[in-house]
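# Results of the structural survey
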Amino acid sequence: MTPPKKRIAILGSTGSIGQQTLDIVRANPDRLQVEVLTAQNNADLLIEQAIAFEPNAVVVGEEKYKYVKEALQKHDIKVFTGADALCQVVQMETVDIVLAAIVGFAGLRSTIAAIEAGKPIALANKETLVVAGALVTALAKEKGVNIYPVDSEHSAIFQCLAGEFHNKIEKIYLTASGGPFRGKDTKFLSSVTKAEALKHPNWSMGAKITIDSATMMNKGLEIIEAGWLFGLKPEQIEVIIHPQSIIHSLVQFEDGSIKAQMGLPDMKLPIQYALFYPQRIASTFKRFDFAAYPSLTFEKPDMQTFPAIQLAYEAMKKGGNLPCVLNAANEIAVGAFLNDEIRFNDIPAVVEKCMNKVNYIATPSLPDYIASDTEARKEAQSLTKKKISL
Ligand code: NDP
Ligand code: MG
């Protein structure tokens with residue numbers, strides 16, 4: 001008997017992860033059905049997706065609401081707008097799984113709402129765990145909700161842990177490509193352009209995560225994300241630079257054995273694994289060819305030139321609202337860099353200043369996280385606008 005179709009809510013369907021998720025739906029029409037699609041600004045793509053996949057509901061940013069509503073008038077698709085609507089659609093009875101792929105802090109509330117409603121989460125939005133990992137993981141435990149990682153490194157670790165859940169992890173290695181500026185020094189970084197920073201060597205992703213990869217803040221966020229997903233201390237998480245992006249991460253067990261997960265860099269694989277876990281569904285993704293990669297190389301990260309990793313370790317060690325502050329300041333700084341308001345090296349400098357400035361809260365509630373996020377954004381904005389020597 002064929003299992004019933006999984007009905008999926010895709011939050012951030014117009015983004016890089018969202019579009020790749022729809023590719024998977026397209027390839028598995030007998031297994032997946034789109035129930036919800038959401039976007040912020042990209043109304044035309046959302047309309048196109050909605051007509052193609054016929055979801056029950058779509059949610060779009062307020063500025064585009066009327067436009068989308070009119071375009072979908074003749075279709076049997078509900079159109080909503082606003083943050084509250086995002087939280088409501090994920091709770092619909094007809095949703096079996098939520099793919100959380102909104103970028104940044106904006107993804108937090110809807111993910112929490114989905115967990116509250118007992119929906120399994122395929123989590124791409126790493127910022128949710130960075131900002132409020134304690135709250136989110138406790139809530140997921142209380143509600144018996146599984147959070148399946150979509151981030152490739154965390155999916156790799158999750159895949160290495162299959163059949164090993166009772167064996168203790170000694171440590172994990174998060175691999176990192178090193179981004180477009182691997183091997184460069186601080187002086188070089190002081191004059192890099194937005195276009196150079198947006199050119200990731202191995203992955204094609206949204207603008208924010210691509211800049212995060214160039215500063216290595218992405219790896220910093222992933223350290224914190226891994227801590228929450230797998231219950232690890234900072235000293236159990238090591239970053240290793242692996243420029244080919246073939247090994248997606250590794251787990252070292254207490255007997256010294258190391259398991260790695262590998263394959264060509266393609267986000268569709270971790271997305272699909274998260275959607276169908278524990279099953280592996282046949283795919284036509286391009287296969288790895290050993291002869292094309294005669295050497296896989298590894299090196300230590302340069303944390304002096306790329307201080308973002310250190311900042312993340314520090315935020316993780318101190319905990320409380322500090323990772324939330326780090327995340328908010330980083331979102332503002334990345335936005336300012338993309339607007340040509342600050343230099344590349346100013347991004348970690350803004351983050352560090354905000355971490356030192358914003359009031360520390362040891363055990364924040366959700367309103368505390370929201371307040372810390374707002375405070376850190378204000379602080380970061382005043383730094384980026386003043387263009388003070390950071
Ligand atoms: P994109 O920028 O490509 O897409 C972001 C999506 O979120 C878009 O659909 C966008 O809508 C929507 N969105 C943006 N702002 C808001 C908002 N304020 N409210 C509601 N929706 C909003 O990002 P990616 O797909 O690259 O990344 C998504 C998440 O997945 C991030 O957290 C990232 O760190 C994580 N991730 C991504 C990977 C990748 O390969 N891309 C790999 C691992 C993790 P619109 O298009 O209309 O603006
Ligand atoms: Mg990743």
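Located above this text is the structure these notes cover.
Here is what the cut-offs are and how they apply
- Residues numbered from 1 in each chain as written.
- Chains lettered and ligands numbered in written order.
- Predicted model: local features only at pLDDT ≥ 70, side-chain atom pairs only at ≥ 80, totals over all residues.
- Heavy atoms only, no water.
- Phe/Tyr/Trp six-rings, centres within 6.5 Å; stacked < 30°, edge-to-face > 60°.
- Helix = DSSP H or I, 4+ residues; strand = E, 2+ residues; numbered from the N terminus.
- Lys NZ or Arg CZ within 6 Å of the ring centre and 35° of its normal.
- Pairing = 2+ DSSP bridges.
- Axes fitted to C-alpha atoms, helices over the stretch in contact; angles between N-to-C directions.
- Contact = heavy atoms within 4.5 Å.
- Parallel < 35°, antiparallel > 145°, perpendicular 65-115°, else oblique.
- Nonpolar A, V, L, I, M, F, W, Y, C, P; charged D, E, K, R; others polar.

### Regarding the packing of aromatic side chains
One pass over the structure, following the stated rule, counts 11 aromatic pairs. Centre to centre, the rings of tyrosine 148 and phenylalanine 158 are 6.2 Å apart; their planes meet at 50°, and the pair counts as tilted. Here tyrosine 148, found in strand 7 (residues 147-149), pairs with phenylalanine 158, found in helix 7 (residues 152-160); they are 10 residues apart in sequence, far enough to count as distant. When the centroid spacing of 5.4 Å and the interplanar angle of 40° are considered together, the rings of tyrosine 148 and tyrosine 277 count as tilted. Remark: tyrosine 277 occurs in the loop between helix 12 (268-276) and helix 13 (308-318) and tyrosine 148 occurs in strand 7; sequence separation between them is 129 residues. Sitting over the face of the ring of phenylalanine 188, lysine 184 holds its NZ or CZ atom 4.8 Å from the ring centroid.

### Observations regarding the sheet that holds strand 7
The strand order 4-3-2-1-5-6-7 describes an open sheet built from seven strands, whose pairing is parallel. Because the sheet does not close on itself, it has two edges, and the strands there are strand 4 (78-81) and strand 7. Put simply, the sheet's adjacent strands are angled 25° from each other on average, direction ignored. Of the strand pairs in this sheet, strand 6 (residues 121-123) and strand 7 are connected by three bridges, and their pairing is parallel. When the sheet's bridge partners are listed, alanine 122 is paired in strand 7 with tyrosine 148. The strands touched by helix 2 (residues 43-53) are strand 2 (32-38) and strand 3 (57-60); relative to strand 2, the strand with the most contacts, the crossing angle is about 155°.

### Some points on the packing of helix 5 (residues 108-116) against helix 6 (residues 127-143)
For the pair helix 5 and helix 6, interaxial distance at closest approach is 10 Å and the crossing angle is 10°. On the basis of the axis angle, helix 5 is roughly parallel to helix 6. Seen from helix 5, the contacting residues are Leu108, Thr111, Ile112, Ile115 and Glu116; seen from helix 6, they are Thr128, Val131, Ala132, Leu135, Val136, Leu139, Ala140 and Lys143. Residues belonging to the contact of helix 5 with helix 6 are distributed by class as follows: nine nonpolar, two polar and two charged.

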